[in-house]
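Remarks on the overall topology
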Amino acid sequence: MTNARDAVDTGRCVDLATAMIQCDTRNPPGNESPIIPLMTDVMKGLGADVEVFEPAAGRPSLLATVGPCDRSRPILMINGHLDVVPVTESEWSVPPFAGVVRDGKLMGRGACDMKGGIAAAIEGLRACLDAGVRLDTDLVFHLVADEETGGRWGTAALLNAGRITADAAVVPEPSELGVCIAERGVLLARIEIFGRAGHGSDPAAAHSAVADAARVTQALHLAHFDPEPHLLLGLPSCNVGVIRGGTAPNVVASHCVLEVDRRVLPGQTCEDAVDSLRAILDPLGVSYSLEVLGFAEASELAAENPFVGYLQEVCGGVGTPTPVRGLCLGTDARFLRNQLDIPTVVYGPGSMTVAHAADEYVAVAELTKAAESFAGLYTSFARFFAESVAGIT
Ligand SMILES: [Zn+2]
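Below: a short report on this structure. Every value quoted in this text rests on a predicted model; they were computed, and no experiment measured them.

**Some words on the pairing of strand β13 (residues 255-264)**
- Here β13 lies mainly inside the structure; 9 of its 10 residues are buried.
- With 10 bridges joining them, strand β9 (residues 185-194) and β13 adopt antiparallel strand pairing. Its bridge partner lying in β13, I193 is registered against C256.
- Two strands pair when backbone bridges link them, and strand β11 (residues 237-245) and β13 are joined in this way by 8 bridges, in the antiparallel orientation. In the sheet register, R244 faces β13, and the bridge partner there is V257.

**A word on the pattern of salt bridges**
- A full pass over the atoms with the stated rule returns 16 salt bridges.
- Close ionic contact of D24 with R26 constitutes a salt bridge, the shortest N to O distance being 2.7 Å.
- Put simply, D138 and R73 hold a salt bridge, and the shortest N to O gap is 2.8 Å. In this pair, D138 sits in strand β6 (residues 138-144) while R73 sits in the loop between β2 (61-66) and β3 (75-81), placing the two residues 65 residues apart along the sequence.
- By sharing partners, the salt bridges in this structure join R12, E123, R126 and D130 into a single network.

**Describing the nonpolar core**
- Residues M43, F141, F307, L377 and Y378 are the most contacted members of the largest nonpolar core, which totals 91 residues.
- Setting aside chain neighbours within four positions, we find L377 in contact with L76, V170, Y310, L311 and V314.
- Residues A213, L220, V240 and Y288 belong to the second largest nonpolar core, which totals 23 residues.

About the thresholds
- Residues numbered from 1 in each chain as written.
- Predicted model: local features only at pLDDT ≥ 70, side-chain atom pairs only at ≥ 80, totals over all residues.
- Heavy atoms only, no water.
- Buried < 20%, exposed > 50% of the residue type's maximum accessible area, 1.4 Å probe, protein only.
- Helix = DSSP H or I, 4+ residues; strand = E, 2+ residues; numbered from the N terminus.
- Pairing = 2+ DSSP bridges.
- Salt bridge = Lys/Arg side-chain N within 4 Å of Asp/Glu carboxyl O.
- Core = buried A, V, L, I, M, F, W, Y, C linked by side-chain atoms within 4.5 Å.
- Contact = heavy atoms within 4.5 Å.

If you want it as structure tokens, here you go:
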């Protein structure tokens, strides 16, 4: 019997990733419908049972299962999002929705984030089937909507509907082929700063909200929010991404709005993050209001969980385990880790450094390597699970 890893077909994997890139699933505005027929055909062709889960019009996720999923065998889930972020086409050197291969790189919006990763996960299954491997793991593919704007219509909707069951999960977001077990969370907040308007010729007689906003901005950027860096995630951060205030140069500004991105470490709540902002703002003596625009918690899988070491060896080889890493940003892994206690690892081809950027790409060699790792995972997971069932959760 052929080894499933050896049956990985790079051209086939690139073709699937290309076809996926050619489906426009930009979010916002948010519409995953164009890619559903393609993914349905692909998964049905691999013998999967397929269901479209559509909690809102135009926001479908595709649920594909290979195996009976009757709890007689372990369930391994692949969770990948089908939506991509928008593009500024003039900044691209290739058409962003064509899927151009240049210098060993597949280029296009979603190439690494994360249509390439999904294609690699699917190619791993195809390779198993081509090699004649009889899978003794149930595979569940949740190809979801809406990750890029928070997951409300995708993984969160599936979670709320009670549709997620798995013994372990892999999210093939770009991890540079590292095994990522922790990620930072984020608080997005709007801070409105109030002053007192006056004539621009005499600012001392009024109170400038813009001047206060400048002090606040500097304080937030320089702040140390936690005394100790997280082993994998470093220190949290705060970025003032938007500043808007005043009416005219000859008027002392009576108000100024800041929009803030505050990254948080595992264990920190939305209230913790808000309190940490107030702790910077209050001593400055500025008059302000603070509104939470959104919050996503951080998440972490314990490095000692046997699924981590197992995946390190599956992806890197015995004796040359793939390194464990952290991600500075968030993925749908947090829902699986925090709400469902499913041991979840982010592992995929490509790099977050080119995700969301112009000329996004994934190296073809990384697609191949990832597909080989997935083939190895599917063929060995049941054995691993049987050996370590007591320690995985
Ligand atoms: Zn992503």
